[in-house]
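# Observations on chain architecture
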Amino acid sequence: MYWSKTFIPTLKEDPQEAEIISHKLLLRSGLIRMLMAGAYSYLPLGYRVLNNIQRIIRQEMNSSDAAELLLPALQPQELWQESGRDKTMDKVMVRFSDRRGRKLCLGPTHEEVITALVRSCVSSYKQLPLILYQLQTKFRDEIRPRFGLIRSCEFIMKDAYSFDKDEAGLDKNYQLMSYAYQRIFKRCGLNFLVTEADSGVMGGSCSHEFMIPAKDGEDAVLLCPKCKTARAKGECKDDTCVKCGVLLDEINAIEIGHIFKLGVKYSEVLGAKFLDNDRKLKSIIMGCYGIGVSRLVSAIIEQNYDTAGIIWPKEIAPYEIIILPLDVTEGRIMSSVIEIYKELTQNGINVLLDDRDERAGVKFKDADLLGIPLQLIIGKEFLKSNTCELKIRSSGERIIKPREEIIDYIQNPLSSVIQ
């Protein structure tokens with residue numbers, strides 16, 4: 001993609017409305033823009049990052065034998081009345097009536113909807129176990145939207161639901177999803193903690209949160225400095241580690257995922273039952289597994305940045321490499337730059353070509369701000385000696401080689417530079 005053909009409105013200064021580093025960098029790098037408090041547009045680079053996160057999630061969920069579907073965002077309020085959560089979720093639900101007088105809401109979550117679906121389709125133990133998941137926009141009337149994508153009114157979530165005939169099946173799927181989450185967050189370049197947590201309005205017998213340490217995180221976590229065991233602050237009644245006996249450290253963190261053993265909380269009240277092999281009618285045993293997809297965009301930045309801007313992990317980056325020709329008015333340079341661009345893209349590498357007629361300093365600052373892993377710099381030395389300069393964004397390392405060697409280096413799948 002040519003810079004001139006896409007839409008990257010970078011900013012030199014931090015916007016006044018931005019409160020934390022990820023919010024500042026998302027706005028400055030032109031990844032998002034706010035429409036109103038709690039609602040954001042994803043611009044081309046931000047949307048590419050979002051799609052990369054969703055791609056990783058889909059790969060790991062599919063490899064865990066979960067089947068993807070898409071549920072309606074528009075939900076009847078009577079379904080929530082049936083479960084009793086119309087009262088517990090009352091303050092965050094976006095409610096309205098349509099022209100027919102039907103009372104509706106925009107889904108803040110989908111436990112009721114998925115349970116009603118399974119209730120209508122599953123009747124025998126032979127149809128279990130089952131894991132279904134979706135990537136869906138949720139809507140919550142937050143009292144105070146803040147921190148950009150971390151606390152917004154409209155956000156994207158991956159929610160998965162397991163359906164089993166017994167507790168042993170639930171335990172197995174709960175562990176399966178926990179492992180899948182750990183793989184997802186590692187691929188996203190995150191240093192994360194797994195903590196025991198309160199199930200809250202979701203209910204159920206057990207839940208765990210996936211948290212990332214972050215200076216401006218909304219949540220407090222108690223962490224053992226010795227064995228690294230972590231607990232949500234509200235869950236821990238003691239300030240010492242039960243394993244090591246040492247004093248726990250309190251750190252700020254951001255929640256990026258939450259898994260629950262729901263049991264029969266929803267299936268029983270909504271009548272999702274099945275005939276077991278002994279011909280007895282039983283309630284389906286459920287689990288619920290959520291990831292804040294849009295929140296992950298911010299969370300990744302909170303752990304991957306420096307004073308110059310974002311440092312995207314390779315699998316998340318909007319592009320793998322940005323080409324920086326320092327004089328776009330020089331025809332000999334640009335013809336070679338276009339050849340390099342075509343060669344890399346034809347070999348499956350996602351490339352952004354900065355074809356703007358801007359000063360070198362502007363291009364360097366914008367490239368660092370965007371955080372694309374590799375920067376291929378082509379200046380006057382290219383005309384003299386056919387050499388290019390490759391900068392690795394994460395380390396600042398610079399490699400100067402002839403054109404052919406540096407292109408081979410970039411395209412070599414065994415090269416550490418593109419791992």
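Structural notes, computed from the coordinates.

### Some words on the packing of helix H9 (residues 331-346) against helix H12 (residues 403-411)
Direction vectors running N to C along H9 and H12 enclose 25 degrees, while the axes themselves pass 11 Å from each other. Overall, the two elements H9 and H12 adopt an arrangement that is roughly parallel. When you trace H9 past H12, the crossing you get is right-handed. Residues Ser-336, Glu-339, Ile-340, Glu-343 and Leu-344 of H9 form the contact with H12, whose own contacting residues are Arg-403, Ile-407, Ile-410 and Gln-411.

### Examining H12
Residue pairs three or four apart in sequence face the same way in an α-helix, which turns once every 3.6 residues. Every buried residue belonging to H12 is among Arg-403, Ile-406, Ile-407 and Ile-410, and all of these are buried. In a view along the axis of H12, the buried residues occupy a sector of 100 degrees, so they form one face of it. Looking at the buried positions of H12, the neighbouring elements they touch are strand E19 (321-325), H9, strand E21 (374-378), helix H11 (381-385), strand E22 (387-392) and strand E23 (398-402).

### So, the sheet that holds E21
Within the open sheet, the five strands sit side by side as E20-E19-E21-E22-E23. Their pairing is mixed. The strands lining the two open edges of the sheet, one partner per strand, are strand E20 (351-353) and E23. Here the average twist between neighbouring strands, direction ignored, is 20 degrees. Looking at chain direction, E19 and E21 are connected through five bridges and run parallel. Bridge assignment links Pro-325 to a residue of E21, and that residue is Ile-378. Its contacts with the sheet put H9 on E19, E20 and E21, and the angle it makes with E19 is roughly 170 degrees. Strand contacts of H12: E19, E21, E22 and E23, with the helix running at about 125 degrees to E23, the strand carrying the most contacts.

### Re the sheet that holds strand E5 (residues 94-97)
Note: strands within a sheet are paired through backbone hydrogen bonds, in either parallel or antiparallel orientation. As summarised here, the arrangement of the three strands in space is E4-E6-E5, forming an open sheet in which the pairing is antiparallel. Each edge of the open sheet carries a strand with a single partner, namely strand E4 (74-76) and E5. Geometrically, the sheet is characterised by an average inter-axis angle of 35 degrees between neighbouring strands, direction not taken into account.

### Side note on the packing of aromatic side chains
Centre-to-centre distance and the angle between the planes together describe a pair of aromatic rings. Under the defined criterion, the tally for this structure stands at seven aromatic pairs. Seen from their ring centres, Tyr-174 and Tyr-289 are 6.2 Å apart, and the 55 degrees between their planes marks the pair as tilted. Pair noted here: Tyr-174 is in helix H6 (residues 167-187) and Tyr-289 is in strand E16 (residues 285-292), with a separation of 115 residues, a long-range link. You'll find Tyr-174 and Tyr-289 in the same group, each marked buried.

### Digging into the state of the cysteines
According to the stated counting rule, one finds zero disulfides in the structure shown. Cysteine Cys-241 is unpaired, with the sulfur of Cys-224 as its nearest cysteine sulfur at 3.7 Å. Here Cys-244 is not disulfide-linked; the sulfur of Cys-227 is the nearest cysteine sulfur, at 3.5 Å. By relative accessible area, Cys-244 is classed as partly exposed at 27%.

### Examining the packing of helix H2 (residues 44-63) against H6
H6 packs onto H2 with a crossing angle of 150 degrees between their chain directions and a minimal axis gap of 10 Å. Viewed along their axes, H2 and H6 adopt a mutual orientation that is roughly antiparallel. Regarding H2 and H6, the two cross each other, and that crossing is right-handed. Only Met-177, Ala-180, Arg-183, Ile-184 and Arg-187 of H6 make contact with H2, whose side of the interface consists of Arg-55, Ile-56, Ile-57, Gln-59, Glu-60, Met-61 and Ser-63. Counted by class, the contact of H2 with H6 contains six nonpolar, two polar and four charged residues.

### Re the pattern of salt bridges
This structure, assessed with the given rule, holds 33 salt bridges. One salt bridge connects Arg-85 with Glu-111, and the closest N-O pair in it is separated by 2.9 Å. Taken together, the positions of Arg-85 in helix H4 (residues 85-88) and Glu-111 in helix H5 (residues 111-121) put the pair 26 residues apart, joining distant regions of the chain. As a salt-bridge pair, Lys-87 and Asp-86 come within 3.9 Å of each other at their nearest N and O atoms.

### Quick word on the pairing of strand E6 (residues 103-106)
Taken residue by residue, a regular strand's side chains alternate between the two faces of the sheet. Relative to E6, E4 runs antiparallel, the two sharing three bridges. Counted as the bridge partner of Leu-74 is Leu-106 from E6. In this sheet, E6 lies alongside E5 in antiparallel orientation, the contact comprising four bridges. Counterpart to Val-94 in the pairing with E6 is Leu-106. Hairpin geometry of E5 and E6 is characterised by an intervening segment of five residues between the two adjacent antiparallel strands and by a positive phi of about 90 degrees at Gly-101.

About the thresholds
- Going along each chain's sequence as written, the residues are numbered from 1 onward.
- Only residues with pLDDT of at least 70 are given local features in this predicted model, and only at 80 or more are side-chain atom pairs given and counted; all residues enter the totals for whole chains, interfaces and linings.
- Neither water nor hydrogens contribute to the side-chain values; these are computed over all heavy atoms in the structure.
- A fitted line through C-alpha atoms serves as each axis, taken over the contacting stretch for helices, and the angle formed by two N-to-C directions is quoted from 0 to 180°.
- Strands are runs of DSSP state E lasting at least 2 residues, helices are runs of H or I lasting at least 4, and numbering of each runs from the N terminus.
- Angle categories are assigned with fixed cut-offs, so that under 35 degrees is roughly parallel, over 145 is roughly antiparallel, 65 to 115 is roughly perpendicular, and the rest are oblique.
- Should the near helix be turned counterclockwise from the far one by less than a right angle, the crossing is left-handed, whereas a clockwise turn marks it as right-handed.
- Contacts are assigned to residue pairs with any non-hydrogen atoms lying within 4.5 Å of each other.
- Buried residues are those whose accessible area, probed at 1.4 Å on protein chains only, stays under 20% of the maximum for their type, while exposed residues exceed 50% and partly exposed ones sit between those limits.
- What the arc measures is the spread of directions leading from the helix axis to the C-beta atoms.
- Pairs of strands are assigned from DSSP output, requiring at least two bridges between the strands.
- Here a pair means two rings of Phe, Tyr or Trp (six-membered ring of Trp) with centres within 6.5 Å. Their orientation is stacked below 30 degrees between planes, edge-to-face above 60, and tilted elsewhere.
- Two cysteine sulfur atoms make up a disulfide if the distance between them is within 2.5 Å.
- Amino acids outside the nonpolar list (Ala, Val, Leu, Ile, Met, Phe, Trp, Tyr, Cys, Pro) and the charged list (Asp, Glu, Lys, Arg) are all regarded as polar, and Gly is one of them.
- Salt bridge, as used here: a side-chain nitrogen of Lys or Arg that lies within 4 Å of a carboxyl oxygen of Asp or Glu.

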